[in-house]
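Given next are the chains, with one letter for each unit.
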Amino acid sequence: MSVSTAALDPSVCAPLPVLGQDVTVPLVTGGEVTYAALDYAASAPALQRVWDDVAAYAPYYGSVHRGAGYLSQLSTDLFENSRRTVAEFLGCRPEDQVVFTRSTTDSLNLLAAAIPANCQVFVYETEHHASLLPWRDAQVTYLNAPRTPGQAVETLERALADRDPYGPALVCVTGASNVTGELWPVRELAAAAHAHGARIVLDAAQLAPHHPVDIAELGVDWVAFSGHKLHAPFGSGVLAGRADWLQAAEPYLAGGGASRKVARRADGGVDVDWHTTAARHEAGSPNVIGVYSIASACKALTEAGFDNLVAREQELVSRVREGLAEVPEVQVLSLFGDDAPRVGVISFVVRGWNSSHFAAALSAEYGIGVRDGLFCAHPLVRTLLGSDPQDPGECGAPEAEPGERSLNAIRVSFGAGTPDEHIDRFLRAVTELVREGAQWKYRTEDGRCVPDRGEAPQV
């Protein structure tokens, strides 16, 4: 998978308008500053276009699939048109289904519940927990972290060659790491999986907001992603791809909407005829507004031009990496090396700093929001930090005090709505904190590093 390096057209490459771009936050040192949201990998700010579309629809909100009234019919049309929009955004094949879920995690748990009996699942230890953990009822092979894209393919091919060739098998892989931002060789991994009779699901949570995702072109069987990482503000997700395993499985949730017919039997029991469409796994009243927000985000990103969005983001990636490289105390984490293509997700540690302390100072003294911890990818971060898998440290709850070494990292992430000034402020803040230290004292409270409001500044 390559990253576009097309020449930028300044007229179409300005940051996309997002909610919160004018929000100001207080600084512990006094005054206020416009908030720099650099935690896109957790939740990207909602596009203004998405919010406007949702606001325009909100007065017409109605029940879906069950009402004869005008608003119900309008909402049903909007819901199903959103399904078609997402299918087009993902390059779905004619026979593919788009199932709406709550999130990437929900999508992958749905697929895990639908895999055939005795299915063998192959997943790299480098995955986010959403794709690492759902396969509890399957025979799972966890693959060691590769150090090159080629090694990733070779590792998978060896593992698949040793499997039972007659049973079903599934490979789960990320498209872009939520820790390093590095792009994985999805097309090559899909080809390897299919050559050995296995299927493959792509966790596109970090890929879809930054890069085109085409199911048919990549050759994957399923794609999962979340709306809140795609600049959509509500709790919806997508599982899109092959229908056969989904149609053969019991509904993920049993209830209204998943069933076509329910009848009592003479013996007092109940017979159920389940839908064979996506509705089979969408029981209950759906999140219509959340689904519509995903469709709106898909349209907005497509209309903005992914080539231009990717090219601008690559400029920001280069600026951040070059700026961090000028600070010797900073170590950027990477699996595949400096030349690996990546999206706007970069994790690092700072020598002499507890990562939570550093992130807290970025927020309190500069108004910059980043993330610290293990990013729900504990095995990967521990591998990148060279620590023992049994060492302490958990996601978002560092055990070290400010100034002490921690087993966590700092992650800066950005995308289509990031202004240049946020990147400039971040790089300036990193340099000043490393060279001059924090201006305020900090303490650990409920597992988080926070400014000590009872202490005067250090300067």
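- An unreviewed UniProt entry lists the protein under the name Cysteine desulfurase, with Streptomyces globisporus C-1027 as the source organism.
- In its Cofactor (unreviewed entry) section, UniProt records this for the protein: "pyridoxal 5'-phosphate".

Things to note about the domain arrangement of the protein
Then step 1. Domain boundaries assigned for the protein yield domain 1 (24-46 + 305-451) and domain 2 (50-303).
Then step 2. A straight line from the C-alpha centre of domain 1 to that of domain 2 covers 30 Å.
Then step 3. The interface of domain 1 with domain 2 comprises 39 residues on the first partner and 34 residues on the second.
Then step 4. Together domain 1 and domain 2 conceal approximately 3,100 Å² of surface at their shared face, both sides included; 60% is due to carbon and sulfur atoms.

Focus on the packing of helix H10 (residues 306-325) against helix H13 (residues 420-436)
Then step 1. For the pair H10 and H13, the least separation of the axes is 10 Å and the interaxial angle reads 10°. One element, H10, and the other, H13, form an angle in the roughly parallel class. When H10 is examined against H13, the residues Arg312, Leu316, Arg319, Val320, Gly323 and Leu324 are found in contact with a partner set consisting of Asp420, Ile423, Asp424, Phe426, Leu427 and Val430.
Then step 2. For the contact of H10 with H13, the residue count by class is seven nonpolar, one polar and four charged.

Here's the deal with unusual backbone geometry
Then step 1. Even without being glycine, Asn118 reaches a positive phi, approximately 65°.
Then step 2. Tracing the chain through its elements places Asn118 in the loop between helix H3 (104-114) and strand S5 (120-124).
Then step 3. Of the residues examined, Asn118 reaches a relative accessible area of 70% and is grouped as exposed.
Then step 4. Positive phi, close to 55°, is recorded for Phe375, a residue that is not glycine.
Then step 5. Within the secondary structure, Phe375 sits in the loop between strand S16 (371-373) and helix H12 (378-385).

Some remarks on the pattern of salt bridges
Then step 1. Evaluated as defined, the whole model comprises 25 salt bridges.
Then step 2. With its nearest N and O atoms 3.0 Å apart, the salt bridge here joins Arg265 to Asp271.
Then step 3. For Arg265, a relative accessible area of 34% gives the class partly exposed.
Then step 4. In this structure, the salt-bridge partner of Arg312 is Asp420, at a minimum N-O distance of 2.9 Å. Here Arg312 is found in helix H10, whereas its partner Asp420 is found in helix H13, with 108 residues between them in sequence.
Then step 5. For Arg312, a relative accessible area of 10% puts it in the buried group.
Then step 6. Under the relative-accessibility criterion, Asp420 is labelled partly exposed at 37%.
Then step 7. Each of Arg199, Asp221, Arg242 and Asp244 takes part in a single network of salt bridges with overlapping partners.

Notes on the sheet that holds strand S9 (residues 222-226)
Then step 1. Sheet architecture is open: seven strands sit in the order S4-S10-S9-S8-S7-S5-S6, paired in mixed fashion. Two strands in the sheet have a free side with no partner beyond their single neighbour: strand S4 (97-101) and strand S6 (139-143). The mean angle between the axes of side-by-side strands here comes to 20°, regardless of whether they run parallel or antiparallel.
Then step 2. As paired strands, S9 and strand S10 (residues 237-241) are joined by five bridges and run antiparallel to one another. Across the sheet, Ala224 pairs through a bridge with Leu239, a residue of S10.
Then step 3. Each of S4, S9 and S10 is contacted by helix H2 (residues 70-89), which is oriented at about 115° to S4, the strand it contacts most.
Then step 4. Strands S5, strand S7 (169-174) and strand S8 (199-203) of the sheet are contacted by helix H6 (residues 186-195), whose axis makes an angle of about 155° with S8.

Things to note about the sheet that holds strand S17 (residues 409-413)
Then step 1. Reading across the sheet, the four strands line up as S13-S14-S17-S16 and stay open at both edges, with antiparallel pairing between neighbours. With one partner strand each, in any of the chains shown, strand S13 (330-332) and S16 form the two edges of the open sheet. For this sheet the average axis-to-axis angle between neighbouring strands, irrespective of direction, equals 30°.
Then step 2. Pairing analysis gives three bridges linking S13 to strand S14 (residues 345-350), with the strands arranged antiparallel. Looking at the pairing, Val330 lines up with Val350 of S14.

With respect to H2
Then step 1. The end-to-end C-alpha distance of H2 is 28 Å, a good match for the 28 Å that 20 residues give at a rise of 1.5 Å each.
Then step 2. Looking only at H2, the buried set comprises Ser72, Ser75, Thr76, Leu78, Phe79, Ser82, Arg83, Thr85, Val86 and Phe89.
Then step 3. In this fold, the buried residues of H2 make contact with helix H1 (48-57), S4, S9, S10, helix H9 (288-304) and H10.

Definitions and limits used
- Residues numbered from 1 in each chain as written.
- Predicted model: local features only at pLDDT ≥ 70, side-chain atom pairs only at ≥ 80, totals over all residues.
- Heavy atoms only, no water.
- UniProt positions renumbered as here; feature names shortened; annotations may be inferred.
- Domains from an automatic or database assignment.
- Contact = heavy atoms within 4.5 Å.
- Buried area = accessible area lost by both parts, 1.4 Å probe.
- Axes fitted to C-alpha atoms, helices over the stretch in contact; angles between N-to-C directions.
- Helix = DSSP H or I, 4+ residues; strand = E, 2+ residues; numbered from the N terminus.
- Parallel < 35°, antiparallel > 145°, perpendicular 65-115°, else oblique.
- Nonpolar A, V, L, I, M, F, W, Y, C, P; charged D, E, K, R; others polar.
- Buried < 20%, exposed > 50% of the residue type's maximum accessible area, 1.4 Å probe, protein only.
- Salt bridge = Lys/Arg side-chain N within 4 Å of Asp/Glu carboxyl O.
- Pairing = 2+ DSSP bridges.
- Expected span 1.5 Å × (residues − 1).

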